[in-house]
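Here is what each chain is made of, one letter per residue.
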Amino acid sequence: MGDAIEATVAHVFNGSSNAVVRVESGDELGKVAGTGFFIDTTGHLYTLSSVVGDGLGISVMHNGQSMPARLLAKDPRSGIALLKVDQAGTTPFLNKGDCRELEVASPLVVVGFPFDHEVTPSFGVIGGFDRQSKGKFFTTTHIRANVPVQRGQAGSPALNLDGEVVGVLVSGFEEGSGCYVLPIRAAEKVRADYTRFGEVRHGWAGVTVQEIPVAVEGSRMAIDMVDPSGPAAAQFRPGDIVLQVGDIAIREPEDALDASFFLTAGDAVDVKVSRNGEVLTLPFVAEEHPADRKSNLHALGPGSLMP
């Protein structure tokens, strides 16, 4: 059993490490270093916003060669940064897996650059899928894994045993005993928005939700208030029980945060609600949050379905 696991991890590592890079940037506080990985043949890669700072002086070290990189997008909700390296030829890249197929105890391999060492694999299993930690809500579900990680591995890909990237390492626990991984689906939302709009464009409906004591159709989330100036004003009513937003089923308060994260301003999505005992499917188009129109940055509150 142990030999089989060792061989599988080695296979995943050997098949992925060429697409993993060290990312460096500088600011007034000095040099910052982390990990990133290529996601296509044209030099696009993911890392973390905290690794690239203000986007000045970014470089990528790949196969002993240092290459300048451009910051294309940073998403304050997910912490993901999208970079682009311009070079002759094609870049190796990681295939993406379906993070929704992951389960508790699913194995993960994290490949990154700890401290100033060479690219290194770390192995562990998924311990849970969390919507909050230490009393603070995440903006979308995070994977909690007992994979030991060290400084410098932020932005590393987390891979399944087929060698497909299913998430991005965003933070480690004390003493390197485990980590949180952002599902790759969330990073892909950032890239899809940038590709279409040139920026990350989270959606807003202008409704708030509250938890009700008895579930209706499996959901305990009811619309509390509807902003009369918001895009949902014509379709949603206080008291509607929210059952599903797009492909995300709504059961608990944290489900509302997941649904909010994956809304894109300008995109149509079906929202299923229960109203006076009748299940309705309402087509809905989110808009940009009013604050985003000014700053492209806003806070997400745990009581808001589509902030």
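Residues numbered from 1 in each chain as written. Predicted model: local features only at pLDDT ≥ 70, side-chain atom pairs only at ≥ 80, totals over all residues. Heavy atoms only, no water.

## Observations regarding the overall build of the protein
Piece 1. Of regular secondary structure, the protein possesses five helices and 18 strands.
Piece 2. For the protein, the C-alpha radius of gyration of 20 Å lies close to 19 Å, the compact-globule estimate for 307 residues.
Piece 3. Projecting the C-alpha coordinates of the protein onto the three principal axes gives extents of approximately 65 × 50 × 35 Å.
Piece 4. Residues classed as buried in the protein amount to 49% of the 307 residues present.
Piece 5. Sequence separation of 24 or more characterises 59% of the internal contacts of the protein that already satisfy a separation of 6 or more.
Piece 6. Put simply, the protein shows about 14,100 Å² of open surface, and 51% of that area lies on carbon and sulfur atoms. (Helix = DSSP H or I, 4+ residues; strand = E, 2+ residues; numbered from the N terminus. Rg over C-alpha atoms; globule rule 2.2 N^0.38 Å. Buried < 20%, exposed > 50% of the residue type's maximum accessible area, 1.4 Å probe, protein only. Contact = heavy atoms within 4.5 Å. Areas by Shrake-Rupley, 256 points an atom, 1.4 Å probe, with all protein chains shown as cover.)

## Side note on helix α4 (residues 253-261)
Piece 1. Among the nine residues in α4, nine count as buried, and that is most of the element.
Piece 2. Considered for burial, the residues of α4 that qualify are Pro253, Glu254, Asp255, Ala256, Leu257, Asp258, Ala259, Ser260 and Phe261.

## Description of the pairing of strand β9 (residues 136-145)
In regular strands, side chains alternate between the two faces of the sheet.
Piece 1. Most of β9 is tucked away, with seven of its 10 residues classed as buried.
Piece 2. As paired strands, strand β8 (residues 120-133) and β9 are joined by six bridges and run antiparallel to one another. Bridged to Phe129 within β9 is Ile143.
Piece 3. The hairpin turn running from β8 into β9, its antiparallel successor, is two residues long, and Lys134 in that turn takes a positive phi close to 55 degrees.
Piece 4. Alignment of β9 against strand β12 (residues 179-183), held across three bridges, turns out to be antiparallel. Bridging across to β12, Ile143 finds its partner in Val181. (Pairing = 2+ DSSP bridges.)

## Structural notes on the sheet that holds β9
Piece 1. Read around the closed barrel, six strands run β7-β8-β9-β12-β11-β10, paired in antiparallel fashion. Each neighbouring strand pair of the sheet contributes to a mean axis angle of 50 degrees, computed without reference to strand direction.
Piece 2. Sheet analysis places strand β11 (residues 165-172) next to β12, joined by five bridges and oriented antiparallel. Bridged to Leu169 within β12 is Val181.
Piece 3. Contacting β9, β11 and β12, helix α3 (residues 184-197) runs over the sheet at an angle of about 50 degrees to β12.
Piece 4. Against the sheet, α4 touches β8 and β9, its axis set at about 95 degrees to β9. (Axes fitted to C-alpha atoms, helices over the stretch in contact; angles between N-to-C directions.)

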